[in-house]
Amino acid sequence: HSRPEQPGDNPSETEVQRKEVCRWPCRCPSVPACTPGVSLVKDGCGCCKVCAKQAGEPCNEADVCDPHKGLYCDYSEDEPRYETGVCAYLVAVGCELNGVYYANGQTFQPNQFYKCLCVSGTIGCTPVFIPRSAGSPCARVPGRKKPGQSICGLEQHKQLQSTNYRLMSAYRSLPLVLKKKCLIQATPWTPCSRTCGIGISSRVTNDNRKCEMKKEKRLCFIQPCLTNMLKKIKIPRGKTCQPTFQLPTAEKLVFSGCSTTQRYKLTFCGVCLDKRCCIPNKSKMITVHFECPNEGFFRWKMMWITSCVCQRLCSAPGDIFSQLKLL
């Protein structure tokens, strides 16, 4: 007779000793200063504040991966101990910015001021260090061939960027109003998604019955897509811009194959002879009703332009950095 099978006879059932990385009571060093874009989180032991591990970096029970970037600790290569892993991105949707698609977890730099990261359809950005020109040892020197020619090498430029810089403001103060025990907040409306024809702009606000932050959308119509019509706009003598104009007759609006039940004589932003562009300055909100062939009715909120201003700061539709300025 064979002896009964004992626990541990099967190698797959052998218990693997894992190294303990947590110690109690907690003994924490000073709170670290994380680099821009790296989250300061509590470690996996529930003890100390640490800089979260980033994609590709080793992780374990204590050294947690950055949760705000959709990272998790992948232990699959450390079988059977599952003690040390590597931070990896969860499978998720990518992002789109100005017509360019970015994969989930991809970092990119859409302009010289910001580095961005795509996480599950959401884009997060951190400022890039910008060297100051005033008082810099790399300033222009008289006698150089080209005005403003630098006397510093690449390594000196990198050192200056890390120690002498200005950051761009990445936030805006919001207007606050108290309404029925709710502190009303609202972000500015985004630029219209189209420079001509009917587009959409959005904002985030809690101006609703439940006082909850929700995304709100409205239609916007800055200019008609009629180049011949724009060429006929009369600019006053001695001026270079005509801020606003109207079409000769009231017309129905067409959106997604449906047309409005009423005719409207909208005010549009005008044109300039120089490089300036005209954008809405003052507006109000109206509700427009659309009817669709054999499909019923629907209604949308819409921006009704009352005045426009012509300026040199022109940004493309969907430019999330258009409202940011150097400090």
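As the structure is a prediction and not an experimental result, all values here were calculated from the model.

Draft legend 1. Layout of the pattern of salt bridges. Throughout the structure, instances matching the rule amount to three salt bridges. With a closest N to O distance of 3.0 Å, Glu-216 and Arg-203 form a salt bridge. Taken together, the residues span a long stretch of sequence, with Glu-216 in strand β16 (residues 214-221) and Arg-203 in strand β15 (residues 198-205) at a distance of 13 residues. Exposure class is identical for Glu-216 and Arg-203. Each is buried. Linking Asp-274 and Arg-276 is a salt bridge whose minimum nitrogen-to-oxygen distance equals 3.1 Å. Through salt bridges with shared partners, a single network forms among Arg-203, Glu-216 and Lys-301.

Draft legend 2. Seen up close, the environment of Ile-235. Locating Ile-235 in the fold gives a position in the loop between α2 (227-231) and β17 (241-246). Ile-235 sits in the partly exposed class, given a relative accessible area of 23%. Sequence spacing of Ile-235 and Leu-273 is 38 residues, and the spatial spacing of their C-alpha atoms is 8.7 Å. Excluding residues within four positions of it along the chain, Ile-235 makes contact with Thr-240, Cys-241, Gln-242, Val-271 and Leu-273.

Draft legend 3. Region of the structure containing the packing of aromatic side chains. For the structure shown, the criterion picks out seven aromatic pairs. Ring centres of Phe-255 and Phe-290 lie 6.0 Å apart, and the angle between their planes is 50°; on these two criteria the pair is classed as tilted. Taken together, the positions of Phe-255 in strand β18 (residues 254-255) and Phe-290 in strand β21 (residues 277-292) put the pair 35 residues apart, joining distant regions of the chain. The same class applies to Phe-255 and to Phe-290, which are both buried. Taking the centre distance of 6.2 Å and the plane angle of 65° together, the rings of Tyr-264 and Trp-304 count as edge-to-face. Of this pair, Tyr-264 sits in the loop between β19 (258-260) and β20 (267-272) while Trp-304 sits in strand β22 (residues 296-311), placing them 40 residues apart in sequence. Members of the aromatic cluster, each reached through a chain of ring pairs, are Phe-255, Phe-290, Phe-298 and Trp-300. Over the face of the ring belonging to Trp-189 we find Arg-218, whose NZ or CZ atom lies 4.1 Å from the ring centre.

Draft legend 4. Main features of unusual backbone geometry. A cis amide bond links Trp-24 with the next residue in sequence, Pro-25, at an omega value of 0°. For Pro-25, the location among the structural elements is in the segment before β1 (40-42). Residue Pro-80 is reached from Glu-79 by a cis peptide bond, and omega for that bond is 5°. Its identity is not glycine, yet Cys-211 carries a phi of approximately 55°, on the positive side. Assignment of secondary structure puts Cys-211 in the loop between β15 and β16. With a relative accessible area of 31%, Cys-211 lands in the partly exposed category.

Reading the values: rules and limits
Residues numbered from 1 in each chain as written. Predicted model: local features only at pLDDT ≥ 70, side-chain atom pairs only at ≥ 80, totals over all residues. Heavy atoms only, no water. Salt bridge = Lys/Arg side-chain N within 4 Å of Asp/Glu carboxyl O. Helix = DSSP H or I, 4+ residues; strand = E, 2+ residues; numbered from the N terminus. Buried < 20%, exposed > 50% of the residue type's maximum accessible area, 1.4 Å probe, protein only. Contact = heavy atoms within 4.5 Å. Phe/Tyr/Trp six-rings, centres within 6.5 Å; stacked < 30°, edge-to-face > 60°. Lys NZ or Arg CZ within 6 Å of the ring centre and 35° of its normal.

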